[in-house]
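Structural overview for review
In case you want the letters, here they are:
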Amino acid sequence: MTTALTLVPGPDGEGDRTLTATGEIDMSNAAAFGSALDRELAEGGDVTVDLTGVTYLDSAGVAVLFDRAQSHDLRLVAPRLLGRVLQVSGLTRVAEVTIR
């Protein structure tokens, strides 16, 4: 059973833009994920994408992150579960990635 994606935008404790995602990111909701991320990026400044609550990330979700990382400074915070996907996909070379 798929876990619904929840996206919560807002500033972190230091005032930087953050998009917190929980659930699964796949082709069924990648467009909504991209739109939410675009809204945060439009606010200006650095954006942190908190993926620590994400339990599944497919190629559609990786593509959303790649597309934005090529033209913006993205910081990704991810659980160990996603670490290998982010490394193999090459996202660790175009975005700052912290594994927790």
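Parameters at a glance
- Residues numbered from 1 in each chain as written.
- Predicted model: local features only at pLDDT ≥ 70, side-chain atom pairs only at ≥ 80, totals over all residues.
- Heavy atoms only, no water.
- Buried < 20%, exposed > 50% of the residue type's maximum accessible area, 1.4 Å probe, protein only.
- Helix = DSSP H or I, 4+ residues; strand = E, 2+ residues; numbered from the N terminus.
- Pairing = 2+ DSSP bridges.
- Right-handed = clockwise from strand over helix to strand, strands pointing away.
- Salt bridge = Lys/Arg side-chain N within 4 Å of Asp/Glu carboxyl O.

1. Observations regarding the pairing of strand β4 (residues 74-78)
- For β4, a buried count of five out of five residues is recorded, marking the element as mostly surrounded by other parts of the structure.
- A two-sided burial pattern is seen for β4, the buried positions comprising Leu74, Leu76 and Ala78 on one face and Arg75 and Val77 on the other.
- Bridge analysis of strand β3 (residues 47-57) against β4 gives four bridges, and the strand direction is parallel. Within β4, the position partnered with Val49 by the bridge is Leu76.
- For the segment spanning β3, helix α2 (residues 59-69) and β4, crossover handedness is right-handed.

2. Quick word on the pattern of salt bridges
- Within the structure shown, the criterion is met by four salt bridges.
- One salt bridge connects Glu40 with Arg17, and the closest N-O pair in it is separated by 2.7 Å. You can see Glu40 sitting in helix α1 (residues 30-42) and its partner Arg17 sitting in strand β2 (residues 17-25), a full 23 residues away along the chain.
- The class for Glu40 is buried, based on a relative accessible area of 6%.
- For the salt bridge of Arg68 with Asp38, the shortest nitrogen-to-oxygen distance reads 2.8 Å. With a gap of 30 residues between them, Arg68 in helix α2 and Asp38 in helix α1 connect regions that are remote in the sequence.
- Take Arg68: its relative accessible area is 15%, and that puts it in the buried class.
- Through salt bridges with shared partners, a single ionic network connects Asp16, Asp46 and Arg75.

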